[in-house]
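This is what each chain is made of:
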Amino acid sequence: MGKNGKFGKDYGKVVGKDLPGRPGWKGPGFTKKAEPKPRKTNQEEEKDLPKESLLPIKLQQLLLNVFRDAYSGVIDSDNFQQLLQDVKGALYDRDFSRAFGNDQYLEVYSARWSPSRSLCYASILLDLQEHFGEILPRDKGAQMKVDSEATTDAAPSTTPPKSTTRVISIGGGAAEVVAFGGYLKHGFQTSGTGTTSQTADDAMTSLTLSDANDSIELLLVDTASWANVVKKLHTGITTPPPISKYASASAKEANSALVRPEDFTTKFLKHDVLAISQAELGDLSGKKPVLVTLFFTLNELYTASISKTTAFLLKMTSVLPKGSLLLVVDSPGSYSETTVGTEEKKYPMKFLLDHFLIETQK
């Protein structure tokens with residue numbers, strides 16, 4: 001097109017309403033402005049805000065103290081940094097048998113990664129407690145009120161009935177022990193609706209061992225030898241923490257365990273769940289409803305064998321008593337996917353769970 005054409009006439013002009021084209025400069029330096037992003041509504045902004053943890057700050061610190069007291073010698077040792085790098089390298093290579101292959105590695109892992117995970121697991125348990133039903137009742141006081149109203153002739157009881165919750169933790173270790181101990185310590189007095197962190201902390205201050213009306217039997221099953229770690233942390237939860245000999249008499253009197261030994265029992269079973277038989281699973285689960293957890297474990301099982309993991313999940317579904325619950329927690333990152341088939345297609349673990357456990361039942 002010549003210089004007298006349309007391009008030549010409009011080149012470099014500011015285009016207004018009377019001329020075709022977009023308003024603004026259309027010369028060689030013209031850059032189209034980005035469209036402004038729509039502002040979020042108040043409801044959308046509230047959704048983006050991080051949810052406040054139901055685990056009181058004071059209880060979080062008490063749980064962290066359990067790890068500190070149990071593994072202060074490990075953290076202060078001269079070879080801690082080297083052992084930490086060894087474990088970190090094995091985890092990066094996803095060589096779990098090497099990462100959890102000896103007691104030193106297990107202690108280093110427990111001191112470095114388990115404290116934060118225990119707080120995460122305890123927060124999840126508290127956040128989901130309304131879905132646990134009779135397995136982990138959330139409010140014994142409310143249940144007692146309902147029972148007393150239904151039975152008008154019976155004399156009101158001042159002591160809630162004690163119940164025992166059975167939990168099977170597949171791939172469980174240090175973090176699960178402290179998480180369920182913290183859940184039991186939190187109890188049902190500080191749970192519920194509309195409880196602020198401040199009131200929860202105040203309730204924690206007044207919560208004593210005699211307030212616990214429930215007990216938990218925790219069975220941990222894994223291929224690594226977590227027995228010594230489980231025993232050490234269970235002792236830290238069920239015995240008073242160490243206190244200075246110079247502490248005041250009132251401080252010594254107030255020093256107590258998180259939970260009573262009779263209210264929290266742990267047992268560790270060294271077993272490969274991918275090789276477990278259906279009869280053995282039935283013996284582990286028993287006759288009453290149980291809570292089965294897989295915390296950051298399912299991806300490891302899928303990595304080992306998708307077919308064996310699928311068979312294990314189906315066997316477990318068939319033998320668990322009616323009313324049992326399966327709680328799966330795993331990483332939202334790359335570990336949340338697993339490779340399937342010769343074409344190495346990646347599928348989210350949620351898809352595989354839904355496919356094998358829900359679609360199979362239809």
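In this text the structure is predicted, and so the values were computed from the model without any measurement.

Conventions adopted
- One numbering rule holds for all chains: residues counted from 1, following each sequence as written.
- Only residues with pLDDT of 70 or above have their local features reported here, since the model is predicted, and side-chain atom pairs are shown and tallied only from 80 upward, although totals for entire chains, interfaces and linings are computed over all residues.
- Calculation of side-chain values draws on the structure's entire complement of heavy atoms; hydrogens and water are dropped beforehand.
- With a 1.4 Å probe rolled over the protein chains alone, any residue whose accessible area is under 20% of its type maximum counts as buried; one over 50% counts as exposed, and the rest are partly exposed.
- Working definition: helices are DSSP H or I runs of at least four residues, strands are E runs of at least two. Numbering for both runs from the N terminus.
- Counted as positive: Lys and Arg. Counted as negative: Asp and Glu, with His and the chain ends omitted from the count.
- By salt bridge we mean one thing: a side-chain nitrogen of Lys or Arg within 4 Å of a carboxyl oxygen of Asp or Glu.
- Any pair of N or O atoms that falls within 3.5 Å is considered a polar contact. Within protein, one atom must be able to donate a hydrogen and the other to accept it, and sequence-neighbouring residues count only if both atoms are side-chain atoms.
- Any pair of residues with heavy atoms lying within 4.5 Å of one another is described as a contacting pair.
- Here a cavity is any set of points on a 1 Å grid over the protein atoms alone where a 1.4 Å probe fits but cannot get out, and a pocket is any open set with protein on both sides within 12 Å along at least 5 of 7 lines; a residue lines the site when it has an atom within 4 Å of a point.
- Grid points are joined across faces, edges and corners, and a volume is the space filled by probe spheres set on the points.
- Residue type decides the class: Asp, Glu, Lys and Arg count as charged, Ala, Val, Leu, Ile, Met, Phe, Trp, Tyr, Cys and Pro as nonpolar, and the leftover types, Gly among them, as polar.
- In short, DSSP must find at least two bridges between two strands for them to pair.
- Note on geometry: axes are lines fitted to C-alpha atoms, helical ones only across the stretch in contact, with angles between N-to-C directions running from 0 to 180 degrees.

Draft legend 1. Quick look at unusual backbone geometry. If you check the backbone angles, Arg 94 has positive phi at about 60° while not being a glycine. By relative accessible area, which is 28% here, Arg 94 ends up partly exposed. Of note, Phe 296 is a non-glycine position whose phi angle comes to about 50°, a positive value. Along the chain, Phe 296 falls in the loop between β6 (291–295) and α14 (298–304).

Draft legend 2. A look at the side chain of Glu 176. Note that Glu 176 resides in helix α9 (residues 174–186). Arg 117 provides the closest opposite charge to the buried, unpaired Glu 176, separated from it by 6.8 Å. Among the polar contacts made by the side chain of Glu 176, one reaches the main-chain amide nitrogen of Gly 173 at a distance of 2.9 Å. Apart from residues lying up to four places away in sequence, Glu 176 is in contact with Tyr 121, Ser 169, Gly 171, Leu 218, Leu 220 and Phe 295.

Draft legend 3. Geometry of the layout of surface pockets. Estimated volume of the largest pocket: approximately 840 Å³. Lining the largest pocket are 37 residues, with Phe 96, Phe 100, Phe 296, Thr 297 and Glu 300 sitting closest to its centre. Of all elements in the fold, only α4 (80–92), α5 (96–99), α7 (114–127), α9, β4 (214–222) and α14 reach the threshold of two or more residues within the lining of the largest pocket. Per-element accounting of the lining of the largest pocket gives the leading share, five residues, to α14. Considered class by class, the residues forming the lining of the largest pocket number 20 nonpolar, 10 polar and seven charged.

Draft legend 4. Fine view of the sheet that holds strand β5 (residues 264–270). Across the sheet, five strands lie side by side as β5-β4-β3-β6-β7; this open sheet has parallel pairing. One side of each edge strand has no neighbouring strand; the edge strands of this open sheet are β5 and β7 (325–329). Within the sheet, the average angular offset between the axes of one strand and its neighbour, ignoring direction, is 20°. Where β4 meets β5, seven bridges bridge the pair, whose relative direction is parallel. When the sheet's bridge partners are listed, Leu 220 is paired in β5 with Phe 268. The sheet strands contacting α9 are β3 (163–170), β4, β5 and β6, and the helix crosses β4 at an angle near 170°. Along the sheet face, helix α11 (residues 227–238) touches β4 and β5 and points at about 175° away from the line of β5.

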